[in-house]
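# Examination of the molecular architecture
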Number of protein chains: 2
Amino acid sequence: MTQTYPGTKPVTMESIDLTGGFWYEKQKLVRAVTMKNVYKRFAETGRFEAFRFSWREGMPNRPHIFWDSDVAKWMEAAAYYCRKQRDTELEAIVDEVVEEIEKNRMEDGYFNSYFGLLEPENRFTRRGDHELYCFGHLLEAAIAYRDATGKDKFFRLMKDYADLIYRVFYVEKSAAFTSPGHEEIELALVKLYRVTREKKYLDLALYFVEERGREPGASQIQDHLPVREQKTAEGHAVRACYFYCAVADLALETGDETLLSTAKTLFDNIVRRRMYVTGAIGQTCVGETFMGDWDLPNQSAYAETCANLSLALFARRMSVLDPDSVYADTAERVLYNSFLSGMSLDGKSFFYSNMQEYNRTVSRRPYSDRHRIFTPAPTRVEVFGCSCCPPNVVRTVASIADFQYTADENTVWMHQYFTSEAHIGDRTLTVETGYPYDGGVKITYLGGAGRLALRIPGWCRDYTVTQNGKVITPEVQRGYAYISVTGGNEIVFRMEMPVRFVEANPRVWDDAGRIAVTRGPLVFCMEQIDQPDLCLRDIRLSESADYRLIMDETLGVPVLCTDACVRHWENDILYADSAALEMCRVRLIPYFAFANRGESDMVIWALKL
Amino acid sequence: MTQTYPGTKPVTMESIDLTGGFWYEKQKLVRAVTMKNVYKRFAETGRFEAFRFSWREGMPNRPHIFWDSDVAKWMEAAAYYCRKQRDTELEAIVDEVVEEIEKNRMEDGYFNSYFGLLEPENRFTRRGDHELYCFGHLLEAAIAYRDATGKDKFFRLMKDYADLIYRVFYVEKSAAFTSPGHEEIELALVKLYRVTREKKYLDLALYFVEERGREPGASQIQDHLPVREQKTAEGHAVRACYFYCAVADLALETGDETLLSTAKTLFDNIVRRRMYVTGAIGQTCVGETFMGDWDLPNQSAYAETCANLSLALFARRMSVLDPDSVYADTAERVLYNSFLSGMSLDGKSFFYSNMQEYNRTVSRRPYSDRHRIFTPAPTRVEVFGCSCCPPNVVRTVASIADFQYTADENTVWMHQYFTSEAHIGDRTLTVETGYPYDGGVKITYLGGAGRLALRIPGWCRDYTVTQNGKVITPEVQRGYAYISVTGGNEIVFRMEMPVRFVEANPRVWDDAGRIAVTRGPLVFCMEQIDQPDLCLRDIRLSESADYRLIMDETLGVPVLCTDACVRHWENDILYADSAALEMCRVRLIPYFAFANRGESDMVIWALKL
């Protein structure tokens, strides 16, 4: 029976500064390179221009139904980057977009750069055409922008729009549909509720959530069952997890235990049955959906960047509701593996789909479209037709600190390990760590009496905790070590980070007989380019072998070098008796760093010696 | 450098009686059950009726372009069954078909139950519509029928038709195409040449073979390169191997070394790069074709029964040209595994595609047609829309003795081990064996001085040979043990038949880290139905464990029982540390016997302890 902590609140990034280390560097990279790159691509393709309502027949770059959401997510990221330090460059762009929204919105507050210009008469008639989805992202951006800059025009415009939607969908029920085709607005409305405390926005969010479930068979958009009857994660993975985020948010805001247990059931189904070891979800390209329990094929894994991220967002919300470390463990698993893999190390290009195994032979098969096995793109690209992932990446990196803490009056829970300084009420926490490469975390706590709860990661088998120099053995409850603190405390949490082999449940067909190499939160993989003369799938690793962690100069990340074995195979024959093994030297790289050196075969699941 | 033996001839089934054992029982089953069943299905679907030219618009069972070939192959099987003992039932059916051919053929000898009735004006205009393919099978049937019964009307009708085709395609070149869309006629024409010694039929066969290769890109029908430039097996697998059969036949009849080396090169490419361990070929459903070297996925393997058989037919022809045991090894591999799997143990139903692995989860995925991963039928069926496989099975079983011997004046090569009595020139060979379950072969040779060459199967590591009670150590050349014989000899050849593990080249992605269990020529597999509580893919076998061969009462075949291990997995979690192993008892069945007890997951490639 889960216990809700009604006093627990998320600690949002406004209270936290990353001051160094892994995510700080990522934030710098994204600000310096990715924000500009994504802006440039969006500008080239007409996404910003669309807000001007300037397109006419015959011109290139005809507006598209989801462009508003792409720009909105970029603007949300821009807002986050303006928070600590005002940024005239970014603000100029956002302010201009806001001007255009004000100029081109309908009188009653409706704004959509596609429908507003091209089909105003058809607004709110086509459920699947992303109007409410676009609004949701614009709303999230507007809230973030007001928080960051104090400028409130964007916010007022979106609040007007929210009021319109409330009137049309909740009061009059005059639209052609009753809930959106792509969930997103629900979680955005909860954000609006939280900053205004106007109950109508919470009511509207709950209404949208409870309106779903009237079309048996429509699991693609989670419409197959009423929300409280949904027990398994079905359908389009991004829609699903945005939906589950809202369910969790509403559970927290309303205290409705049935919504909480629904969220828990769905979360459990994902992480215990339908998630790749890298935290990736959405096993199939067909509809970009979940498949059934245990069905986790590696070669055809779809694993959309947005989907993986949405699992982390769902997990983060669950951490607020329920202090069980499985939630932050899951967020960590996603963030350091199949979320980060969505962006190239140089910050310029992206994966839509994050493959879990790559065999270029498969992609070279001469299939006609009719019989196409899904073959993922082998390398990242700088621009997509459907460009939801890049702006999702930048806004998440910019606001990564949202994942670090939750707190109530008495306790601060540290869910993630980021080098940072945070002010939580009257408490100040300074963290220094080499995570994810090093398991040492130095924490300085200043504040009144209370508790500090440190997540013991699920991968961590051995650790020590010292408090002001003395070794302590704090009580561990549901994966958190609870330390009593008061005044000034220096806490050193040292997690042993050996290389560990992970296996999958025997019911996972593809992974039987294989292991995944992990070190701390990182899943490792092997790329052909590092062992060009070896058969990747035949490499046998030993858990007790020596693994040297060395810096790879090309990739700029630490990689593992070790001794391994492969079969010694004579004469290129096809079938023969068991072959003897011979030694070889192999290199494993963090999964998030794969496909940064061109097309290369890749495996996560290796053989064990 | 291969050495041709121009004096070597195939020893055909007319010289051989199977007198007991494995294939004798199969022949009895096919005669008693399958011939009737296939006939019944063909009659129901209108295939026999079509010869009457009785169909009119509005009637059911409109004739189809390949029905003549289905009936022809059945008639060929009927002919083989009439050989040893006249069979009025079968002959009545064939004679009636022959009457209809005579009645309904065109004056110039053309016969086709589709074109003749429905599109006579379009004869020889559409390369892809199987006219010459149908004729080829009718010709094979006619030759076999005359041999078996002495009745020659069928033969004369087909000889007339061959003369027409010679005139149209070779002399006048007046057809709309110059070589068939589906090879078959070439090898049939060589058969006609052999029984008539009329050179024009050989010329025509050679012409058809050399006419191919004028459409770069048309590898689907082996038209991408001139025959002597083809180095890899490409395109539709059945077409390809029927084509390669003809190339081998022509190499033998013409002595053309370039054709021989082409045949060798193509054979090598198949068995060394593109063949499953069960002898199956044609890796993909897309176009029913070969894929590239080493690309042997198990779950999606197409492995059409006709394709697998056609590899055995090709191998048999190579045995005549070149006494290297790889050819008969390959024929054995196919016949006892992926050919035999094409028919159910009760003789009533068939597989078109012979899966190499079955995971029902894959077949349950909710894919739309557009994204369909090929999922094979989980159980055999009694009738197909495209019914090429069943009559191919019956004619092959009926004439299986064709595979047993080749001979020249001095030497008899025993390629396969069948309990039989054979008269080869002035030599009589009697064989008794429990093959494929037992490796003992007792041979009685009566005849003049010469040699008996026994194939040492590629799987056989230990054997003894005695001659008239004395142990001998015959010289082994290219896989054959050459024994000098004269007068009366009793030779006992005893092959040790332990369970042996086979591995695939490390370049075969799917099979890395796994083994195939074999015993003698049989490949074994595991079906879920035999170990319902175990995860099939997680079972770990030991080569040195005790394997009991026991008779399975349901299947009626011997199966292997052994101790194995699986992982002990706690709590149904998805990812965890390496799990300990626990013992279990497992049952392996011959691959050819799979899918005879309903739908069941199946694996060939297991883990090794």
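Residues numbered from 1 in each chain as written. Chains lettered and ligands numbered in written order. Predicted model: local features only at pLDDT ≥ 70, side-chain atom pairs only at ≥ 80, totals over all residues. Heavy atoms only, no water.

### Let's talk about the relation of the copies chain A and chain B
Each copy superposes on the other: chain A lies on chain B with an RMSD of 0.0 Å after a rotation of 180 degrees and an axial shift of 0.0 Å. Considering both components of the superposition, the chain copies are consistent with a two-fold axis. When you check the interface residues of chain A against chain B, 100% turn up at the interface there too, and the contact is symmetric in its surfaces. (Least-squares fit on C-alpha atoms with pLDDT ≥ 70 in both. Contact = heavy atoms within 4.5 Å.)

### Regarding the interface of chain A and chain B
Listed per partner, the contact involves 65 residues of chain A and 65 residues of chain B. When the two sides are added together, the surface that chain A and chain B hide from each other amounts to roughly 5200 Å², 51% of it contributed by carbon and sulfur. Considering only the side of chain A, the residues that lose the most area to chain B are Trp509, Leu574 and Tyr575 of chain A, jointly responsible for 18% of the buried surface there. Run the count over chain A and chain B and you get 12 salt bridges. In this structure, Asp295 of chain A and Arg365 of chain B form a salt bridge, with 2.8 Å as the shortest nitrogen-oxygen distance. Where chain A packs against chain B, one counts 36 residue pairs in polar contact (both at pLDDT 80 or more). Elements supplying a minimum of two residues to the side of chain A that touches chain B: helix 10 (257–273), strand 3 (357–358), strand 13 (499–504), strand 19 (575–577), strand 21 (602–603) and strand 22 (605–608) of chain A. Ranked by the residues each element gives to the side of chain A that touches chain B, the list is headed by strand 13 of chain A, at 5 residues. Of the residues belonging to the side of chain A that touches chain B, the class tally is 31 nonpolar, 10 polar and 24 charged. Relative to strand 13 (residues 499–504) of chain B, strand 19 of chain A runs antiparallel, the two being bridged by 3 bridges. When the bridges of strand 13 of chain B are listed, Tyr575 of chain A appears paired with Ala504 of chain B. (Buried area = accessible area lost by both parts, 1.4 Å probe. Salt bridge = Lys/Arg side-chain N within 4 Å of Asp/Glu carboxyl O. Polar contact = N/O pair within 3.5 Å; in protein donor to acceptor, adjacent residues only side chain to side chain. Helix = DSSP H or I, 4+ residues; strand = E, 2+ residues; numbered from the N terminus. Nonpolar A, V, L, I, M, F, W, Y, C, P; charged D, E, K, R; others polar. Pairing = 2+ DSSP bridges.)

### A few points about the packing of helix 10 (residues 257–273) of chain B against helix 12 (residues 325–339) of chain B
Residue and element names in this part refer to chain B. Here helix 10 crosses helix 12 at 50 degrees, and the two axes come no closer than 12 Å. With respect to each other, helix 10 and helix 12 are oriented oblique. When the axes of helix 10 and helix 12 are compared, the crossing they make is left-handed. The residues of helix 12 that touch helix 10, namely those facing Lys264, Phe267 and Val271, are Val326, Tyr327 and Thr330. Across the contact of helix 10 with helix 12, the residue classes break down as 4 nonpolar, 1 polar and 1 charged. (Axes fitted to C-alpha atoms, helices over the stretch in contact; angles between N-to-C directions. Parallel < 35°, antiparallel > 145°, perpendicular 65-115°, else oblique. Left-handed = near helix turned anticlockwise from the far one by under 90°.)

### A short note on unusual backbone geometry
Where the residue is not glycine, phi is negative for most of them; where a peptide bond is considered, it is trans in most cases. Residues and elements named next belong to chain A. Cis geometry is found at the peptide bond from Tyr435 to Pro436, where omega equals 10 degrees. In this structure, Pro436 sits in the loop between strand 7 (427–433) and strand 8 (440–455). Despite not being glycine, Lys173 has its phi angle at roughly 50 degrees, a positive value. Topologically, Lys173 is positioned in the loop between helix 6 (153–172) and helix 7 (185–196). Residues other than glycine seldom take positive phi values, yet Ala595 does so here, at roughly 60 degrees. Checked against the element boundaries, Ala595 lands in the loop between strand 20 (581–590) and strand 21. Classification of Ala595 by relative accessible area gives buried; the value is 8%. (Buried < 20%, exposed > 50% of the residue type's maximum accessible area, 1.4 Å probe, protein only.)

### Re the domain arrangement of chain A
The domain boundaries assigned to chain A delineate domain 1 (46–211), domain 2 (406–495) and domain 3 (499–608). Put simply, the middle of domain 1 of chain A and the middle of domain 3 of chain A, counted by C-alpha atoms, are 46 Å apart. (Domains from an automatic or database assignment.)

### What about the pattern of salt bridges?
Residues and elements named next belong to chain A. If you walk through the whole model with that rule in mind, you get 129 salt bridges over all chains. Here Glu100 makes a salt bridge to Arg52, at a shortest N to O gap of 3.9 Å. A residue pair is termed long-range when its members are at least 10 positions apart, and Glu100 in helix 3 (residues 88–104) and Arg52 in the loop between helix 1 (21–44) and helix 2 (67–84) qualify at 48 residues. Take Glu100: its relative accessible area is 10%, and that puts it in the buried class. Among the ionic pairs, Asp160 bridges to Arg105, the shortest N-O distance being 3.0 Å. Of this pair, Asp160 sits in helix 6 while Arg105 sits in the loop between helix 3 and helix 4 (115–118), and the two are 55 residues apart along the sequence. Look at Arg105 and you get partly exposed, because its relative accessible area is 24%.

### With respect to the packing of aromatic side chains
In total, this model carries 70 aromatic pairs over all chains according to the counting rule given. Ring centres of Phe22 of chain B and Phe592 of chain B lie 5.7 Å apart, and the angle between their planes is 75 degrees; this geometry places the pair in the edge-to-face category. Here Phe22 of chain B is found in helix 1 (residues 21–44), whereas its partner Phe592 of chain B is found in the loop between strand 20 (581–590) and strand 21 (602–603), with 570 residues between them in sequence. There is no split in this pair, since Phe22 of chain B and Phe592 of chain B are both buried. Every member of this aromatic cluster is reached through a ring pair, and the members are Phe22, Trp23, Tyr336, Tyr417, Phe418, Tyr435, Tyr437, Trp459, Tyr463, Phe493 and Phe592 of chain A. When the ring centre of Phe155 of chain A is taken as origin, the NZ or CZ atom of Arg146 of chain A, which lies over that ring, is 3.7 Å away. (Phe/Tyr/Trp six-rings, centres within 6.5 Å; stacked < 30°, edge-to-face > 60°. Lys NZ or Arg CZ within 6 Å of the ring centre and 35° of its normal.)

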